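Read off the chains here:
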Amino acid sequence: MTPETGFRLRHKHLLGIEPLESEEIRLILDTAESFLEISTRPIKKVPTLRGRTIVNLFMEPSTRTRSSFEIAQKRLSADSLNLSSSSSSATKGESLIDTAKNLEAMAPDMIVLRHPAAGAAHLLARVCRSSIINAGDGAHEHPTQALLDAFTMRQKKGRIQGLEVAIVGDLLHSRVLRSNVFLLRKLGAKVRASGPPTLVPPGLDRLGVDVKTRIEEALEGADVVMMLRVQKERMVHGAFPSLREYFNLYGLTKARMKQAKHDAIVMHPGPMNRGVEIAAEVADGSTSVILDQVTNGVAVRMAVLYLLSGGAVGELAA
Amino acid sequence: MPSTNDALVMDEGKIDRTLTRMAHEILEKNRDLESLVLVGIRTRGVPLAERLASRIREIEKVEIPVGVLDITLYRDDATTVGPHALLKATHIHFPIDGKKIILVDDVLFTGRTIRAALDGIIDFGRPSCIQLAVLVDRGHRELPIRADYVGKNLPTAREESVEVHLKEEDGRDEVHIVRAGITSRKGEPSSKEKSQG
């Protein structure tokens, strides 16, 4: 390959799906395909990022995303450092920028940031020299989740183009929804979304989403059903009367799945609230690919770390 | 079309005869075919490994497993040089513990690709030995590595490049030496031009 046509991301950071070109998304997915194999080897490690230091700065609780990033880093031989909100000086009142600048003084190559405020990753990208990977910023974006979701859809359905994807649940607080909508629209899928009217953000239709009030309408003929978690911790006011009523109106049950195509798959970014947004029999059923999503998450994150580490002459993203 | 800057050094017939000879040499040196496996280094080592396996099948009526190794992740410049090669998967679907591995590549140059390939292989197990087969050895080693089976020793100047074209990848079987600054006739850089050799 020539330098002009070389395979690389044009970005130094991964702040969201919105700034990515569809070719860049395909490059990440294709690269992840090759990384999937490494996790099946007896020695699950390659030396590619040897000597690279990566800080995982998690200012919000996370098990899946953090452990997935950590495993991806270990399998690429990077040195990683984990900081969480409870163990960091943020509890002593240090600002995010000060925390990041102090970490940078120790010369890491990348910072993976999870933060409750939308735009936190963009803020760090402006003040830091390191590559910033957004691992979820408030209700804004969660790009690696959308990439692993797309990877799983492509793996199960063979394509993204033309898929009918139904996304159901708490649409208002969901960064997973936003990143998925950007990605699926760029790759030519159709997205319908459904949730209680109190949890539908205004202007969602302007992102190219077909908003349905009843879950049955959203599920009708869908190839992919993606359930979103009811974010109880973000629910400051009563958006719906009770969890039971939520399940009755918007929970994914076996009966409701009959609305979707017969070979439709069920996805969930986790952690699941069984009996709230999804019935246990669906979550554990044969159409569920929820654990495949977790497996694929490691390969997708390896691909992102690998691509962002290569020949860092790309311009700043935004 | 071929110019003074581009010399054809092996044509289809020559490549064919060379591979047949190499297959015989491999069989001569390895009597125990049970434990023999071939591993091709992406990209052009893979069709060469498959061709050697089919020669061995014709001669001895034995099926030798062929694996595919992508060394991109093991390169010593993986994160320091320009655009990445598109990463492709490694497929070694058989146990390699105790096996005799013949590593196959098209051009042996600095030896850095082979160094990376040895690291890659070792991550899959502990073979009893690893031998190296290359279609062309062009010299200029930077590491203490040598090939066990060489199709053709090709003395070159460092600034020249050796281009191997194979039917499976390029639609024709040819080996060229190209003088610096001149790309191949179709303009596409081939084989070793951008890689570590």
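Bear in mind the structure is a predicted one, so any value in this text is a computation, not a measurement.

## Points about the overall build of chain B
When its secondary structure is counted, chain B shows four helices and eight strands. Along chain B, helices (α) and strands (β) appear in the sequence β-α-β-α-β-β-α-β-β-β-α-β when read from the amino end. Across the 197 residues of chain B, 55% fall into the buried class. Considering only contacts in chain B between residues 6 or more positions apart, those separated by 24 or more positions represent 71%. A total of about 8600 Å² of accessible surface is found on chain B, and carbon and sulfur atoms cover 49% of it.

## Focus: the sheet that holds strand S5 (residues 164-168) of chain A
Residues and elements named next belong to chain A. Judged by pairing direction, the sheet is parallel, and its five strands sit side by side in the order S7-S6-S5-S8-S9 without closing on themselves. Only two strands of the sheet have a single partner each, and these edge strands are strand S7 (209-212) and strand S9 (265-267). Mean inter-strand twist for the sheet, computed between neighbouring axes without regard to direction, equals 20°. Note that S5 and strand S6 (residues 190-194) share five bridges and pair parallel. Note that in S6 the partner of valine 168 across the bridge is serine 194.

## Focus on the pattern of salt bridges
All names here are of chain A. Within the structure shown, the criterion is met by 30 salt bridges over all chains. Across the pair arginine 41 and glutamate 37 runs a salt bridge whose closest N-O atoms are separated by 2.9 Å. Given the relative accessible area of 14%, glutamate 37 is considered buried. Among the salt bridges present, the one from arginine 175 reaches glutamate 60, with a minimum N-O distance of 2.9 Å. Remark: glutamate 60 occurs in the loop between strand S1 (53-58) and helix H2 (64-75) and arginine 175 occurs in helix H6 (residues 175-186); sequence separation between them is 115 residues.

## Focus: the sheet that holds strand S7 (residues 161-165) of chain B
The strands making up a sheet are joined through hydrogen bonds of the backbone, oriented either antiparallel or parallel. Residue and element names in this part refer to chain B. With respect to topology, three strands assemble into an open sheet ordered S1-S8-S7, the strand pairing being antiparallel. Since the sheet does not close on itself, it has two edges, and those belong to strand S1 (6-10) and S7, each with one partner. Geometrically, the sheet is characterised by an average inter-axis angle of 25° between neighbouring strands, direction not taken into account. Note that S7 and strand S8 (residues 174-178) share five bridges and pair antiparallel. Residue pairing across strands places glutamate 163 opposite histidine 176, the latter belonging to S8.

## A closer look at the packing of aromatic side chains
Residue and element names in this part refer to chain A. What the rule picks out here adds up to three aromatic pairs over all chains. The interplanar angle of 70° and the centroid separation of 5.5 Å between the aromatic rings of phenylalanine 35 and tyrosine 306 together place this pair among those described as edge-to-face. Note that phenylalanine 35 is positioned in helix H1 (residues 22-36) and tyrosine 306 in helix H11 (residues 290-309), a separation of 271 residues in sequence. Classification of tyrosine 306 as buried rests on a relative accessible area of 1%. When the ring of phenylalanine 240 is compared with that of tyrosine 246, the centres are 4.9 Å apart and the planes differ by 45°; the resulting orientation is tilted. For the pair phenylalanine 240 and tyrosine 246, a shared accessibility class is recorded, and that class is buried. Joined through ring pairs, the aromatic side chains of Phe240, Tyr246 and Tyr250 make up one cluster.

## Thoughts on H6 of chain A
All names here are of chain A. Here H6 contains twelve residues, and its C-alpha end-to-end distance of 17 Å stays within 8% of the 16 Å for a straight helix at 1.5 Å per residue. Across the twelve residues that make up H6, a large majority, nine, are buried. Among all positions in H6, only Arg175, Val176, Leu177, Ser179, Asn180, Val181, Phe182, Leu183 and Leu184 are buried. Capping of H6 at its N-terminal end is provided by serine 174; its side-chain oxygen lies 3.3 Å from the backbone amide nitrogen of valine 176. The positive-phi residue at the C-terminal boundary of H6 is glycine 188, with phi of around 85°.

## Some remarks on unusual backbone geometry
With omega at -10°, the peptide bond leading from glycine 270 of chain A into proline 271 of chain A counts as cis. Note the cis peptide between arginine 42 of chain B and threonine 43 of chain B, where omega equals 5°. Mapped onto the elements of the fold, threonine 43 of chain B is located in the loop between strand S2 (36-41) and helix H2 (45-60). Here the phi dihedral of alanine 107 of chain A falls at roughly 55°; this positive angle occurs in a residue that is not glycine.

## So, the confidence of the model for chain A
Residue and element names in this part refer to chain A. On average, residues of chain A score 91 in pLDDT, and 94% of them reach the 70 mark or higher. In this model residues 1-5 is a low-confidence stretch, pLDDT under 50, and it forms ten contacts with partners more than four residues away in sequence or in other chains. Every residue in residues 311-318 scores below 50 in pLDDT, and together they form 16 contacts with partners more than four places removed in sequence or on other chains.

## Remarks on the nonpolar core
In terms of nonpolar packing, the biggest core is built from 86 residues, with Phe35, Ile133, Leu147 and Met153 of chain A together with Leu103 of chain B touching the most fellow members. With ten residues, H11 of chain A is the single largest residue contributor to this core. Those residues within four positions of leucine 103 of chain B in sequence are excluded, and the remaining contacts are Val39, Ile41, Leu69, Ile114, Ala117, Leu118, Ile121, Ile130, Gln131, Leu132 and Ala133 of chain B. Leu48, Ala49, Val107 and Val164 of chain B belong to the second-largest nonpolar core, a separate cluster that totals 29 residues.

## Comments concerning the pairing of S1 of chain A
All names here are of chain A. Within S1, five of the six residues are buried, which leaves it mostly tucked inside the rest of the structure. The sheet contact formed by S1 and strand S2 (residues 79-84) spans six bridges and is parallel. Residue leucine 57 lies in a different strand from S2, and its bridge partner there is leucine 83. Between S1 and its parallel partner S2, the chain crosses via H2, and the hand of that crossover is right-handed. With five bridges connecting them, S1 and strand S3 (residues 110-115) associate as parallel partners. Residue pairing in the sheet places valine 55 in a bridge with isoleucine 111 of S3.

## So, the environment of phenylalanine 182 of chain A
All names here are of chain A. Tracing the backbone shows phenylalanine 182 in helix H6. Here phenylalanine 182 falls in the buried class, since its relative accessible area comes to 10%. In this view, phenylalanine 182 contacts Ile17, Glu18, Glu141 and Leu207; residues no more than four positions away in its chain are not counted.

Conventions and cut-offs
- Residues numbered from 1 in each chain as written.
- Chains lettered and ligands numbered in written order.
- Predicted model: local features only at pLDDT ≥ 70, side-chain atom pairs only at ≥ 80, totals over all residues.
- Heavy atoms only, no water.
- Helix = DSSP H or I, 4+ residues; strand = E, 2+ residues; numbered from the N terminus.
- Buried < 20%, exposed > 50% of the residue type's maximum accessible area, 1.4 Å probe, protein only.
- Contact = heavy atoms within 4.5 Å.
- Areas by Shrake-Rupley, 256 points an atom, 1.4 Å probe, with all protein chains shown as cover.
- Pairing = 2+ DSSP bridges.
- Axes fitted to C-alpha atoms, helices over the stretch in contact; angles between N-to-C directions.
- Salt bridge = Lys/Arg side-chain N within 4 Å of Asp/Glu carboxyl O.
- Phe/Tyr/Trp six-rings, centres within 6.5 Å; stacked < 30°, edge-to-face > 60°.
- Expected span 1.5 Å × (residues − 1).
- Polar contact = N/O pair within 3.5 Å; in protein donor to acceptor, adjacent residues only side chain to side chain.
- pLDDT = per-residue confidence, 0-100.
- Core = buried A, V, L, I, M, F, W, Y, C linked by side-chain atoms within 4.5 Å.
- Right-handed = clockwise from strand over helix to strand, strands pointing away.

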